[in-house]
Amino acid sequence: MTIAAPIEIERPEPDLRSPPRERLIESARTLFCRYGINSVGVDAIIEAAGTAKTTLYKLFGSKDGLVEAVLDREGQSWRSWFLTSIDGPGGSARERLARIGPALKIWFSRDDFFGCPFINAVGESDKADDRMRRLAIAHKSIVLDRLTALCSEAGIPEAEQVAHTLGLVIDGAIVMALITRDASAADVADRACCAILPH
């Protein structure tokens, strides 16, 4: 049996002006998103955060507690950005829905795009363990609720079903962009969204 060599992890420089809790969350976020939750140990996180191991356990109880804090922060941050990208410029409900593809393209084009942390976390976790799945569903439900509201406002029949279809397109585009490293996955998503939304 061949034993894989350990991953060489590039650790970000900690901003020691920030409180330890913020440094731990931000360092873990950066490392988890790029390398995966299971590939990053506690030692790498505390080194990147410039804290002691006891500080991590005191603040979060365990690595799992830190993972949940990171996902909570990432979910809030992403939802705020994505929903602001759609709603922020104003316009009709249909005009807002039409911004899904362009918003995704901005995200996919960023150097720090590493896919959806919730999809990645579920993919890495024990498939019989519902903890990560519950966190992912809670995150995605907030996005789907907003898409449903917009579809309803636009007068689209079966608004909830259409919103779920848009959500499926979004998730598919995220996975496609992660695998191919090609931001044009957002263009495919844009065309799919236009086809889904009745004229």
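Conventions and cut-offs
Residues numbered from 1 in each chain as written. Predicted model: local features only at pLDDT ≥ 70, side-chain atom pairs only at ≥ 80, totals over all residues. Heavy atoms only, no water. Helix = DSSP H or I, 4+ residues; strand = E, 2+ residues; numbered from the N terminus. Buried < 20%, exposed > 50% of the residue type's maximum accessible area, 1.4 Å probe, protein only. Contact = heavy atoms within 4.5 Å. Areas by Shrake-Rupley, 256 points an atom, 1.4 Å probe, with all protein chains shown as cover. Lys, Arg positive; Asp, Glu negative; His and termini not counted. Charge placed at Lys NZ, Arg CZ, Asp CG, Glu CD. Axes fitted to C-alpha atoms, helices over the stretch in contact; angles between N-to-C directions. Parallel < 35°, antiparallel > 145°, perpendicular 65-115°, else oblique. Left-handed = near helix turned anticlockwise from the far one by under 90°. Salt bridge = Lys/Arg side-chain N within 4 Å of Asp/Glu carboxyl O. pLDDT = per-residue confidence, 0-100. Disulfide = S-S within 2.5 Å.

Right, let's get into the overall build of the protein. If you tally the helices and strands in the protein, you get 10 helices and zero strands. Ordering the α and β elements of the protein from the N terminus gives α-α-α-α-α-α-α-α-α-α. Projecting the C-alpha coordinates of the protein onto the three principal axes gives extents of approximately 55 × 40 × 35 Å. Looking at the protein as a whole, 41% of its 199 residues are labelled buried. In the protein, of all internal contacts separated by at least 6 residues, the share reaching a separation of at least 24 is 63%. Counting every atom, the protein has about 10900 Å² of accessible surface; 55% of that belongs to carbon and sulfur. Considering the protein, the positive charge centre built from 24 side chains and the negative charge centre built from 28 side chains are found 2 Å apart.

With respect to the element layout, D87 can be found in helix α4 (residues 63-87). Its relative accessible area of 19% is what places D87 among the buried residues. Excluding residues within four positions of it along the chain, D87 makes contact with R96, R146 and L150.

Following both chains from N to C, one finds α4 and helix α6 (residues 100-108) inclined at 135°, their axes separated by 9 Å at the closest point. With respect to their mutual orientation, α4 and α6 come out oblique. The handedness of the crossing between α4 and α6 is right-handed. Together, W78, W81, F82, S85 and I86 of α4 and I100, A103, L104, I106 and W107 of α6 make up the contact between the two elements.

Summed over the entire model, instances satisfying the criterion amount to 12 salt bridges. Where R131 meets E68, a salt bridge forms, and the shortest distance between an N and an O atom there is 3.1 Å. Within this pair, whereas R131 is found in helix α8 (residues 131-153), its partner E68 is found in helix α4, the two being separated by 63 residues in sequence. Linked by salt bridges that have partners in common, E26, R29 and E74 make up one network.

Right, let's get into the confidence of the model for the protein. Counting all residues, the mean pLDDT for the protein is 92, and 92% of those residues have values of 70 or more. Scored below 50 in pLDDT, residues 1-6 shows zero contacts in the model against residues more than four places distant or in partner chains.

A few words now on the state of the cysteines. In a disulfide, the sulfur atoms of two cysteines are held together by a covalent bond. Summed over the entire model, instances satisfying the criterion amount to zero disulfides. With no disulfide of its own, C116 lies 9.3 Å from the sulfur of C33, the closest cysteine sulfur. Looking at the unpaired C151, the closest cysteine sulfur is the one in C193, lying at 9.5 Å.

Its identity as a non-glycine residue notwithstanding, E158 has a phi of 50°, on the positive side. Checked against the element boundaries, E158 lands in the loop between α8 and α9 (159-180). Residues other than glycine seldom take positive phi values, yet R181 does so here, at roughly 55°. Along the chain, R181 falls in the loop between α9 and α10 (185-196).

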